[in-house]
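Fold and geometry: a report
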There are 2 protein chains.
Amino acid sequence: MVTSEQVARLAGVSRATVSRALNGSPRVSAEARKRIEEAIVSLGYEPDVVAQSLVRQRSRTIALGLFYGDQKSTVLSSISKTQHYFYLDLLRDVEQEIAAAQYDLLLPSISYAQKNYIRSLQMRHVAGTLAIAMHPADERVRALLEAEIPTVFIDSLNQGKSSTYVTSDNQDGARQATEHLIQLGHRRIVTLMSGTAGRIGPLRQAGYRQALQRVGLPIDEDLMYTSGWNTEEAYQATLLLLQERRPRDFTAIVVGSDLMAIGVLRALHQHGLHVPGDVSVVGFDDVDLCRYTEPPLTTIRQDRSAMVQGAVQRLIRMIESDGEYDESMLAPIIIPTRLITRASTGPVPESS
Amino acid sequence: MVTSEQVARLAGVSRATVSRALNGSPRVSAEARKRIEEAIVSLGYEPDVVAQSLVRQRSRTIALGLFYGDQKSTVLSSISKTQHYFYLDLLRDVEQEIAAAQYDLLLPSISYAQKNYIRSLQMRHVAGTLAIAMHPADERVRALLEAEIPTVFIDSLNQGKSSTYVTSDNQDGARQATEHLIQLGHRRIVTLMSGTAGRIGPLRQAGYRQALQRVGLPIDEDLMYTSGWNTEEAYQATLLLLQERRPRDFTAIVVGSDLMAIGVLRALHQHGLHVPGDVSVVGFDDVDLCRYTEPPLTTIRQDRSAMVQGAVQRLIRMIESDGEYDESMLAPIIIPTRLITRASTGPVPESS
DNA sequence: CTGAAAGCGCTTACAG
DNA sequence: CTGAAAGCGCTTACAG
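Residues numbered from 1 in each chain as written. Chains lettered and ligands numbered in written order. Predicted model: local features only at pLDDT ≥ 70, side-chain atom pairs only at ≥ 80, totals over all residues. Heavy atoms only, no water.

1. Examining the sheet that holds strand β6 (residues 189-192) of chain A
Residue and element names in this part refer to chain A. Pairing is parallel in the open sheet, where 4 strands are placed in the order β7-β6-β8-β9. Strand pairing shows two members of the sheet lacking a second neighbour, β7 (224-225) and β9 (280-282), which therefore form its edges. Pairing analysis gives 4 bridges linking β6 to strand β8 (residues 252-255), with the strands arranged parallel. Within β8, the residue paired with L192 across the bridge is V255. (Pairing = 2+ DSSP bridges. Helix = DSSP H or I, 4+ residues; strand = E, 2+ residues; numbered from the N terminus.)

Here's what the structure looks like:
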């Protein structure tokens, strides 16, 4: 293996100088710098990042945390179930951004060992953590909120002494979805989303309420259904809804996520209901699958790129500020959402 | 930070002894071991893995490589496009298995820097690499095949001096799909898959041929269509197919992947064709989405867990054998596939 | 601007 | 069975 020692020898300087040149210190003469660079190229030298991490007491590695409630689950295991394709799309951006910033992304094997979670991260000398907490009260989330490790939560509203979050404007998104339906003439609008997990559901419910209130429509709590954030549960919940209510009693559904909407479409379809002829459906997220559902899904787009860019850039600022955070650095980042109109929404049925 | 020094002091031994106890050396007295263990617990000590990596010249980290052809793409960016949900499901298992073996999973930020790819991995002291090569001739794949880093390729047929692969029995899968259709009475069966990329497509085409030959059916090369491995291209290819041929000229399609099949279903649907009334469709992979397509998709299940378990266990054996491979260690692992019958296949239409 | 020296936290022959 | 010492490949005050 080529070490800095060999580079130093070839360039006729000490290892200290090589190190300085490598790290862009101004205290290196032009000639020395030049010789060192040549030596690096001719030897194909690349610094040993492990040694660097040890001496700097910090690696260029960002850990990914994904807390799904199930304490034993690893990061991706929480994510690649059908219901979480949205997060997957998000992870793609995460990796991209982190790579662009020259950090490695680490999926530590200790996600489940909550007790020593923080310590394990420390022993790996991770520079920071990017966390997605789908479950509100995971012990690891708590630990992270109190730890010194710079952390940005994506899509879950957690703030701590070294942590903050980025999220979509969930309330406004649901407001747009609902207003869109109101403009199409709908008055009896069902909403289907999780009423609890992670405070996201309630925010979206609030947006729904807000839209109705704005136009003076009554809020019928009975139209607010709940289910888990996945295709299957949404499917089941819709079957239930269809047992309880006859068509025309409602003409549209605002759904908590696109993948849930797929379950909704399936249930409607099974009952011989047409979308949007009988019932209009709006999703949330704008997963790329939306274009291939039958019919293609009107939805609220979350600007994933903006979320992730915001998260990663903030995280890196936090890391590089060495724990000296000013106010602005711990302020949450809220990303606007917008309506994408496709074929699953239409005018309210005539007869109603 | 708690170091081994402090543990040693508290236990009244030297750091060397602590290290031995930690690493399960037999050359530690029972009493010493006991005192050390107590000290570890009471101090909450955990070894510094970075320091360990440096001195051992090897970390407990496995790098993930995903080579998509596009040289600049990072690991997940290649994977989370719609067409690769299958790989995502696979990654879930990868992380799980690797975590179970107490290794961390690393997505290095250098995937695009092909030149120094190997060197970068070495400088990170990765123990091994798990690679998914969707593109046949990526430079990094070549480099990996010649490097000393233990590597297992998943789903791409590469063998090198320190590398081997695991894959499904692709040919047999396509054979099962085709035979299933033949048993339902189909005679004019279209196949739609990539004829080139990664040798997987051709293997599946071979399975298709094999099934026809077994029952003495003629092979009509004109029925063998090709497209990229994604929903959109499969959709387009099917539109083309429907321009060229009238229904009844073919009554079934064996598709290269489930996500492609979604595009196929959409195109058929758009032309007013019923599945399976007019055309039967079989996918490949058994992504969990299959249950929610309209109609639910008959497909060939790849046993992802078995693939990943095979890959990870082999990789770890390779790592722990320290470069001393016997024959069996570099032998490819082939995993059986099987037909999952759902609603997208049925008897050949009466009138044909 | 530069080098010698100390040190990051561990492991591992070596000697006892 | 145990400890003193060297060493993994870097960085960084310190002194010049």
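Back to the write-up after that little detour.
2. Quick look at the protein's contact with DNA strand C
Every one of the 28 residues lining DNA strand C counts as a neighbour, but T17 and R20 of chain A together with S4, S19 and Y45 of chain B are closest to it. Measuring from a phosphate oxygen of DNA strand C, one finds a side-chain N or O atom of T17 of chain A at 2.6 Å. A distance of 2.7 Å separates a phosphate oxygen of DNA strand C from a polar side-chain atom of Y45 of chain B. For the surface near DNA strand C, the secondary-structure elements that each account for two or more residues are α2 (15-22) and α4 (49-56) of chain A together with α2 (15-22) and α4 (49-56) of chain B. Across the surface near DNA strand C, the residue classes break down as 13 nonpolar, 9 polar and 6 charged. (Near = heavy atom within 4 Å. Polar contact = N/O pair within 3.5 Å; in protein donor to acceptor, adjacent residues only side chain to side chain. Nonpolar A, V, L, I, M, F, W, Y, C, P; charged D, E, K, R; others polar.)

3. Remarks on the pattern of salt bridges
On inspection of all chains with the given rule, the structure shows 33 salt bridges over all chains. Across the pair E148 of chain A and K161 of chain A runs a salt bridge, and its minimum N-O distance is 3.2 Å. Of the two residues, E148 of chain A is situated in the loop between α8 (139-146) and β4 (151-154) and K161 of chain A in the loop between β4 and β5 (163-168); the sequence distance between them amounts to 13 residues. Note on E148 of chain A: relative accessible area 57%, which makes it exposed. Ionic pairing is found between R266 of chain B and E294 of chain A, a salt bridge with its closest N-O pair at 3.6 Å. Here E294 of chain A lies in the loop between β9 and β10 (299-302) and R266 of chain B lies in helix α12 (residues 258-270), a pairing that spans two chains. Assessed through its relative accessible area of 35%, E294 of chain A is described here as partly exposed. (Salt bridge = Lys/Arg side-chain N within 4 Å of Asp/Glu carboxyl O. Buried < 20%, exposed > 50% of the residue type's maximum accessible area, 1.4 Å probe, protein only.)

4. Here we look at the relation of the copies chain A and chain B
Its rotation angle being 180°, the transformation that places chain A on chain B also includes 0.0 Å of axial translation and leaves an RMSD of 0.1 Å. In symmetry terms, the pair is related by a two-fold rotation axis. For chain A, the residue whose C-alpha comes nearest the rotation axis is L106 of chain A, separated from it by 2.4 Å. Mapped onto chain B, 98% of the interface residues of chain A again fall at the interface, so both copies present the same surface. (Least-squares fit on C-alpha atoms with pLDDT ≥ 70 in both. Contact = heavy atoms within 4.5 Å.)

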